Amino acid sequence: MRVLVIGSGGREHALLIGLSNDPSVTELHAGPGNAGTSAIATNHPVDIVSPDAVVALAKRVEADLVVIGPEVPLVAGVADALRTAGFATFGPGAEAARIEGSKAFAKDVMSAAGVRTAHSEIVDNPAKLDAALDRFGPTWVVKDDGLAAGKGVVVTDDRSAARDHAAELLENGHPVLLESFLDGPEVSLFSLVDGENVVALIPAQDHKRVGDNDAGPNTGGMGAYTPLPWLPDEVTRQIVDDVVKPVAAEMARRGTPFSGLLYAGLAIGKDGPAVVEFNCRFGDPETQAVLALLESPLGQALNATATGTLDSLPPLEWADGAAVTVVVAAENYPGKPRTGDVITGADGEGVLHAGTARGDDGSVVSAGGRVLAVVGTGADLAEARTQAYDRIAKIKLPGSHYRTDIGKAALEGRISI
């Protein structure tokens, strides 16, 4: 297979590494890719939200399979255009991608499917904001109803901070979603979905806050680990049976079946799993950890999903042990990041590029907020953490920062359900 991966982040680098280990994959292309992906794929400049541009690139490289990494092109209908042009495509069409593109739509699907989630309310008029806020608390969850790259969420016990965030969203023309706060540790569960066929991957846990001990604002994700020693296998099966399969069935019933990667973000509280959000693609940085343990051929799994043959895919096989991903972020992230700094030590094993580019002199420079994702694996969580942080110690990027506690709470037995 000749495979084209659309996107430029750490998730796409992880996908390309996984695909490069599949003997059935003979050629890899990335559009646009980054400084790291160029080592294993041919990078091509492309406007990833332009259906015509992506289709033209797929034709040019004669792709047998196109894998769309980020959510924005999926919501923009790029997968629809590729399928219309005859390309096997991993990623949902625009209608199904609304499961991430519109939180209100996702809530409607969950309601119809009987899936537990937070109580919520949409506010699209500033005059109704204060009365709506009074119906929530003492912990307020305020979300942008559209795509916000993981950073449009404020969780706070400060009503004025909640109000300020909601008012800013409304002022910018974005409807606000208010939610009740869900207790319990969070889980990210990825599932390959082809209509009503569901194949779950191993669960992971993301670390959203920018600082150690969950301090500071939300980000797109500062690190992740898998598997989760505190999550019983029967809870994972419960999530598949009570959440993922009913949602897949409901979307198929509506005539907009999901095809691709359905990401369920859940809180595991005293009443069992409840959905925090759905995404229509692989999550970043959980993908980097999860794929590090996948032993089955990735290209065959993605192609089976894309071609509607997931029901004949052999069971996925996973390596023993654990994997940890730690994100190295640019100075000032999650605010406007400093870019253009030279990075050294980023060519080692387990170092996945995200926000990187090549300078005029060929050096690797920072080009985004989350610059690198550094992966460690080992016989257990302790070994995986040690390897990840040992690898980070060899990297130099002026002003960069990272969390030092990825997976630490689980390692120390401080997470339970």
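See the structure shown above.
A few points on the structure.

Conventions used here
Residue positions are given per chain, counting from 1 as you read along its sequence in written order. Whole-chain, interface and lining totals are the exception, using all residues; otherwise, since this is a predicted model, local features are given only for residues with pLDDT of at least 70 and side-chain atom pairs are given and counted only at 80 or more. Excluding hydrogens and water, the side-chain figures rest on all heavy atoms present in the structure. What counts as a helix is a DSSP run of H or I of at least four residues, what counts as a strand is a run of E of at least two, and both are numbered from the N terminus. Each radius of gyration reported is based on C-alpha atoms, and the globular scaling rule is 2.2 Å times the count of residues to the power 0.38. Any two residues whose heavy atoms approach within 4.5 Å at even a single point are treated as in contact. Calculation of accessible area relied on Shrake-Rupley with a 1.4 Å probe; when residues are assessed, cover is drawn exclusively from the protein chains displayed. Under the counting rule used here, the positive set is Lys and Arg, the negative set is Asp and Glu, and His together with the chain ends is not counted. Charge positions come from single atoms, namely NZ of Lys, CZ of Arg, CG of Asp or CD of Glu. A strand pair is defined by DSSP finding two or more bridges across the two strands. Aromatic rings from Phe, Tyr and Trp, with only the six-membered ring used for Trp, were paired whenever their centres fell within 6.5 Å, and each pair was classed as stacked if the ring planes differed by under 30 degrees, edge-to-face if by over 60, and tilted otherwise. Think of it in three bands: with a 1.4 Å probe and only protein chains considered, a residue is buried below 20% of the maximum accessible area for its type, exposed above 50%, and partly exposed in between. Points on a 1 Å grid, built from protein atoms alone, make a cavity when a 1.4 Å probe fits but cannot get out and make a pocket when they are open with protein on both sides within 12 Å along at least 5 of 7 lines; residues with an atom within 4 Å of a point are the lining residues. Grid points are joined across faces, edges and corners, and a volume is the space filled by probe spheres set on the points. Residue classes follow a fixed rule: Ala, Val, Leu, Ile, Met, Phe, Trp, Tyr, Cys and Pro count as nonpolar, while Asp, Glu, Lys and Arg count as charged, and any other residue, Gly among them, counts as polar. Each reported salt bridge corresponds to a side-chain nitrogen of Lys or Arg within 4 Å of a carboxyl oxygen of Asp or Glu. Working convention: axes come from line fits to C-alpha atoms, limited for helices to the stretch in contact. Angles between N-to-C directions cover 0 to 180 degrees. Roughly parallel means an angle under 35 degrees; roughly antiparallel means over 145; roughly perpendicular covers 65 to 115; every other angle is labelled oblique.

**A word on the overall build of the protein chain**
- Looking only at helices and strands, one finds 13 helices and 22 strands in the protein chain.
- Here the protein chain has a C-alpha radius of gyration of 20 Å; the compact-globule value for 417 residues is 22 Å, and the two agree.
- Across its three principal directions, the C-alpha atoms of the protein chain cover 55 × 50 × 45 Å.
- Long-range contacts, defined as pairs at least 24 residues apart, comprise 67% of the intrachain contacts of the protein chain with a sequence gap of at least 6.
- Only carbon and sulfur atoms are counted for the fraction: they give 48% of the accessible area of the protein chain, which is about 16,500 Å².
- When the 34 basic and 55 acidic side-chain charges of the protein chain are each reduced to a single mean position, those positions are 3 Å apart.

**Digging into the pairing of strand β2 (residues 27-32)**
- Pairing geometry for strand β1 (residues 2-7) and β2, over 6 bridges, is parallel. By the bridge assignment for β2, L4 is matched with H29.
- Sheet topology places β2 next to strand β3 (residues 42-43); 2 bridges connect them, and they run parallel. Paired with A30 across the strands is N43, a residue of β3.

**Description of the packing of aromatic side chains**
- Tallied over the entire structure, the rule returns 4 aromatic pairs.
- Summarising the aromatic geometry, the rings of F190 and F282 are spaced 5.7 Å apart at their centres and angled 90° between planes, so their arrangement reads as edge-to-face. Of the two residues, F190 is situated in strand β10 (residues 186-194) and F282 in the loop between β17 (272-279) and α10 (286-292); the sequence distance between them amounts to 92 residues.
- Owing to a relative accessible area of 3%, F282 belongs among the buried residues under this scheme.
- Here a set of aromatic residues connected by ring pairs shows up, and it is made of F90, F190, Y263 and F282.

**Quick word on empty space enclosed by the protein**
- Here the structure, examined in full by the defined rule, presents 1 cavity of 30 Å³ or more.
- For the largest cavity, the calculated volume is near 40 Å³.
- Around the largest cavity sit L192, L201, F282, L294, L298, A301, L302 and L316, which together line it.
- Residue contributions to the lining of the largest cavity peak at 3 residues, all from helix α11 (residues 298-306).
- In the lining of the largest cavity, the residues fall into 8 nonpolar, no polar and no charged.

**Some remarks on the layout of surface pockets**
- The volume enclosed by the second largest pocket comes to roughly 380 Å³.
- Along the walls of the second largest pocket sit 21 residues, with I17, G18, N21, L291 and A292 positioned nearest its centre.
- Secondary structure elements with two or more residues in the lining of the second largest pocket: α1 (10-20), α10, β22 (370-378) and α12 (381-392).
- Here the lining of the second largest pocket is built from residues that sort into 10 nonpolar, 7 polar and 4 charged.

**Observations concerning the pattern of salt bridges**
- All chains considered together, the criterion is met by 22 salt bridges.
- With a shortest N-O distance of 2.7 Å, E12 and R11 are connected by a salt bridge. Neither E12 nor R11 differs from the other in exposure class; each is buried.
- In this structure, R281 and E71 form a salt bridge, with 3.3 Å as the shortest nitrogen-oxygen distance.

**As for the packing of helix α6 (residues 103-113) against helix α9 (residues 233-253)**
- Two numbers describe how α6 lies on α9: the axes approach to 9 Å, and their chain directions differ by 105°. Classed by the angle they form, the pair α6 and α9 counts as roughly perpendicular. Counting all contacts with α6, which are made through F105, V109, M110, A112 and A113, the residues of α9 involved are P246, V247, E250 and M251.
- For the contact of α6 with α9, the class distribution of residues is 8 nonpolar, no polar and 1 charged.

**Describing the sheet that holds β10**
- One open sheet holds the 4 strands; their spatial order is β11-β10-β16-β17, and the pairing between them is antiparallel. Edge positions in the open sheet fall to β11 (197-200) and β17, since each of these has one partner strand only. Direction aside, neighbouring strands of the sheet carry axes that sit 35° apart on average.
- Judged from the 4 bridges that link them, β10 and β11 form a sheet pairing that is antiparallel. Note on β11: the bridge partner recorded for S191 is A200.

**Details of the environment of T377**
- Positionally, T377 belongs in strand β22.
- For T377, the residues in contact, after removing those within four places along its chain, are A292, L293, A322, A323, E383, A384 and Q387.

**Section: the sheet that holds β1**
- Spatial strand order, β3-β2-β1-β4-β5: 5 strands in an open sheet with parallel pairing. Pairing within the sheet leaves two strands with one partner each, and these edge strands are β3 and β5 (89-90).
- As paired elements, β1 and strand β4 (residues 65-68) share 4 bridges and run parallel to each other. When the bridges of β4 are listed, I6 appears paired with I68.
- Strands in contact with helix α2 (residues 51-61) are β1, β2 and β4; relative to β1, the strand with the most contacts, it is inclined by about 155°.
- The strands touched by α11 are β4 and β5; relative to β4, the strand with the most contacts, the crossing angle is about 95°.

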